[in-house]
Amino acid sequence: MSLSDLLGSAWQGLHAASNPDETAAAEGLEDCLVFFAWSDGTTQARVLSGRGKDLEAAWAQGTRALEAQGTGMPRDLRVDWVRRVRPLRWAAFKDGLDFPAAEGLAFDARCESALLAPQVDSQRHRLLNAPTDDDTTVWAFQTRAVHVDASGVHVLAADGHRELQPIDVALLRRLVAAGADHLAARVQADGALAPRTPDADAPRAADHAHAVHALLGAWDSAQAETRQAAIHRAPARLTRTLIRPAALPNDTHVACLVEPGSSDTSLGANAACIGALVRYTELSRDRRYLPLLDQLARTVLHMQDPISGRFAHTLHHPSMAEKAEAPGDACEDDQAIVALLRLYALTGNRRWFGAVEKAFEHFVAVGYANAQDHALCRATSAFVRYRPEPRHFQFGLQNLHASLDFALAQTTAVAALPAQLAAGAELVARLDANPAQQPLLDGLDRAALHRALLHSMQRLADSHTGPERAMFFAQPAAVEGSFFGDTAQALGGAMACLKLVQAPAGAPVRRRAPA
């Protein structure tokens, strides 16, 4: 599309999304301010602005400046009309940088020096380390925006993302495909995982393991050649370079994923390795990794107290002694249970199942059923397939109930939540199918569960990086399709939601999704 075509479409789209009675100037500004951003899809977007007494005047000034730039044939054009400006302390704005930006940032009251919201995301690392005094006044601004590309005009929601379709199978499939393609594109020739952006920290060994696990989980026989190649290169690096041998105090030979530099090995990282290699074995029917899987699982069992069933979360390598000062992430318990049960399903080794039973006794003893920060719905849903006892279902339902208010209160994505809530819905469906156990569901707020599921899915979709945000990064194609934060975990959540929505257990969610 030519620049004039893009501008014409953007003008129509902005007018269609506007209220005829609203003033042209934003609350907090004397004149009308419009930002224009354009990109060819391979390089970072350039941004300029137009001002005037009304929208037409600001548009005319901005388009004249844009045409004078010699933009060629942009692939993307984004136009942001500033609607509200508010002052705040730098410390308050900086606190929000852990989440996708929904507001732009200006360093003066007239927004002469400003960053649009997706520019804030693209410069997050620089802003976090900026030598700015916490009490300095800055200005946050909200915009009404449209993005135009070859697919058409897209009115952007208040948070700057395209207004998404209702959560359904088609949308979830697109999110899964985009996330998997993004991860695959980051796998380099030697199998290493590149950073999400050039200024981001290098991925940890644990990040690599979780990415491999997510890629294999998203396996599709019709997937692109790039993803196929990455699925072979990334596990090879995992097994040949990142997983290291070790010996336990009793001289048992084991293996574990070791973080370079720290020489630490974590419960969650080893669980991700087990999950990834089990999936690889299932897909390829190649059993070469079974001995390595046995050694990784022995490490996980070494991390479990043989009496209480409690898991340690971090060990030193090569001593394999517990790192007492590292509490770890409660999600790692869930990951370890799911990994051991998948390995048990593959091999039939009762030792792995025994460790799971012991862990559940610990979870019950310490009250994890009522702790919203110990989401164990995935683990419980997997466990009751083998131990469908009322007390285990009750544990899972209590844990699910403890998570609902937390899930509904989230204003941004929590990558682990969708998969946990989807597992909770599967747990409920399993009880529904068994008349003798249906009384266990008395008191469950099903409507709240379905609202929480849809809310967490929507927040997950909101964290997806589409072209309207990717264009502001140095390498737009490398960022597009990713999720803000942990793409591998978000991809796992999208896959869990897709599986649920396609299954009978997802029928209530499908009915509640807005048309």
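Participant: Just to check I follow, could you spell out the environment of Arg 144 for this structure?
Facilitator: Along the chain, the position of Arg 144 falls in strand 6 (residues 137-149). With a relative accessible area of 23%, Arg 144 lands in the partly exposed category. For Arg 144 and Arg 83, which are 61 residues apart along the polypeptide, the C-alpha to C-alpha distance reads 6.7 Å. Setting aside residues no more than four positions away along its own chain, Arg 144 makes contact with Leu 14, Ala 17, Ser 18, Glu 22, Val 79, Asp 80, Trp 81 and Arg 83.

Participant: Would you mind showing me how to read the nonpolar core here?
Facilitator: The tendency in soluble globular proteins is for nonpolar side chains to be buried side by side. Residues Ile 243, Leu 257, Ile 274, Ile 337 and Leu 340 are the most contacted members of the largest nonpolar core, which totals 114 residues. For Ile 337, the residues in contact, after removing those within four places along its chain, are Phe 311, Val 356, Ala 359, Phe 360, Phe 363 and Ala 379. Judged by nonpolar contacts, the second largest core, of 20 residues, contains Val 34, Leu 66, Trp 81 and Val 148.

Participant: How do you make sense of the packing of aromatic side chains when you look at a structure like this?
Facilitator: The description of two aromatic rings rests on the distance between their centres and on the angle between their planes. Inspection of the entire model under this criterion finds 13 aromatic pairs. On the basis of an interplanar angle of 70 degrees and a centroid distance of 5.6 Å, the ring pair of Phe 360 and Phe 395 is categorised as edge-to-face. Of the two residues, Phe 360 is situated in helix 12 (residues 350-365) and Phe 395 in helix 14 (residues 390-408); the sequence distance between them amounts to 35 residues. Here the two residues Phe 360 and Phe 395 agree in accessibility, since each one is buried. Put simply, the rings of Tyr 344, Phe 353, Phe 360, Phe 363, Tyr 368, Phe 383, Tyr 386 and Phe 395 pair up and form one aromatic cluster. For Arg 83, the ring lying beneath its charged end belongs to Trp 81, and the centroid distance is 4.0 Å. One residue, Arg 288, lies across the ring of Tyr 289, its end atom 5.6 Å from the ring centre.

Participant: Would you mind showing me how to read the environment of Thr 465 here?
Facilitator: Structurally, Thr 465 is set in the loop between helix 16 (446-462) and helix 17 (467-470). Taking the C-alpha atoms as reference points, Thr 465 and Arg 86, 379 residues apart in sequence, are found 26 Å from one another. Residues within four places of Thr 465 in sequence aside, it is in contact with Arg 196, Ala 470, Val 479, Glu 480, Gly 481 and Ser 482. At a separation of 3.2 Å, a polar atom in the side chain of Thr 465 contacts the side chain of Arg 196.

Participant: I'm lost on the pairing of strand 1 (residues 32-39) in this one. Help?
Facilitator: On any regular strand, side chains alternate: one points to one face of the sheet, the next to the other face. Buried residues dominate strand 1, accounting for 8 of its 8 residues. The side-chain alternation of strand 1 yields two buried faces, one formed by Cys 32, Val 34, Phe 36 and Trp 38 and the other by Leu 33, Phe 35, Ala 37 and Ser 39. Of the pairings in the sheet, the one linking strand 1 to strand 2 (residues 46-52) comprises 7 bridges and is antiparallel in character. Bridged to Ala 37 within strand 2 is Val 47. As consecutive antiparallel partners, strand 1 and strand 2 are separated by 6 residues, and within that stretch Gly 41 has a phi angle of approximately 90 degrees, a positive value. Taken together, the 6 bridges between strand 1 and strand 3 (residues 76-89) define a ladder with antiparallel strand orientation. Bridge pairing in strand 3 places Trp 38 opposite Leu 77.

Participant: What's the story with the side chain of Asn 399 in this structure? I'm lost.
Facilitator: Relative to the elements of secondary structure, Asn 399 occurs in helix 14. Here the side chain of Asn 399 touches Leu 376 through a polar contact of 2.7 Å, landing on its backbone nitrogen.

Participant: Before we go on, may I ask you to explain the layout of surface pockets in this structure?
Facilitator: Rolled over the atoms, a probe as big as a water molecule pinpoints where empty space is left. Each pocket or cavity is described by its volume, and for the second largest pocket that value is around 770 Å³. What lines the second largest pocket is a set of 33 residues, among which Arg 124, Arg 196, Gly 485, Asp 486 and Thr 487 lie closest to the centre. Put simply, the parts of the chain that give the lining of the second largest pocket at least two residues each are helix 4 (117-122), helix 5 (124-128), helix 6 (169-186), helix 7 (205-217) and helix 19 (487-502). Looking at the lining of the second largest pocket element by element, the count peaks at 3 residues for helix 19. Of the residues in the lining of the second largest pocket, the class split is 17 nonpolar, 7 polar and 9 charged.

Participant: Even after reading the chapter, I still don't get empty space enclosed by the protein, so can you show me in this structure?
Facilitator: Applying the stated criterion across every chain yields a total of 3 cavities of 30 Å³ or more. Of the voids in this model, the second largest cavity is the one considered here, and its volume is about 70 Å³. In this structure, the second largest cavity is lined by 11 residues; those nearest its centre are Asp 121, Arg 196, Thr 465, Arg 469 and Phe 484.

Participant: What is the right way to read the side chain of Asp 334 from this model?
Facilitator: Summarising the element assignment, Asp 334 is placed in helix 11 (residues 331-347). Within the structure, the side chain of Asp 334 is placed 2.8 Å from the side chain of Arg 378, a separation counted as a polar contact. If sequence neighbours within four positions are ignored, Asp 334 has contacts with Ala 375, Leu 376, Cys 377, Arg 378, Ala 379 and Gln 420.

Cut-offs used in this document
Residues numbered from 1 in each chain as written. Predicted model: local features only at pLDDT ≥ 70, side-chain atom pairs only at ≥ 80, totals over all residues. Heavy atoms only, no water. Helix = DSSP H or I, 4+ residues; strand = E, 2+ residues; numbered from the N terminus. Buried < 20%, exposed > 50% of the residue type's maximum accessible area, 1.4 Å probe, protein only. Contact = heavy atoms within 4.5 Å. Core = buried A, V, L, I, M, F, W, Y, C linked by side-chain atoms within 4.5 Å. Phe/Tyr/Trp six-rings, centres within 6.5 Å; stacked < 30°, edge-to-face > 60°. Lys NZ or Arg CZ within 6 Å of the ring centre and 35° of its normal. Polar contact = N/O pair within 3.5 Å; in protein donor to acceptor, adjacent residues only side chain to side chain. Pairing = 2+ DSSP bridges. 1 Å grid on protein atoms, 1.4 Å probe; cavity = no way out; pocket = protein on both sides within 12 Å on 5 of 7 lines; lining within 4 Å. Points joined across faces, edges and corners; volume = space filled by probe spheres on them. Nonpolar A, V, L, I, M, F, W, Y, C, P; charged D, E, K, R; others polar.

Read these as layout, nothing more, since geometry by itself doesn't imply function.
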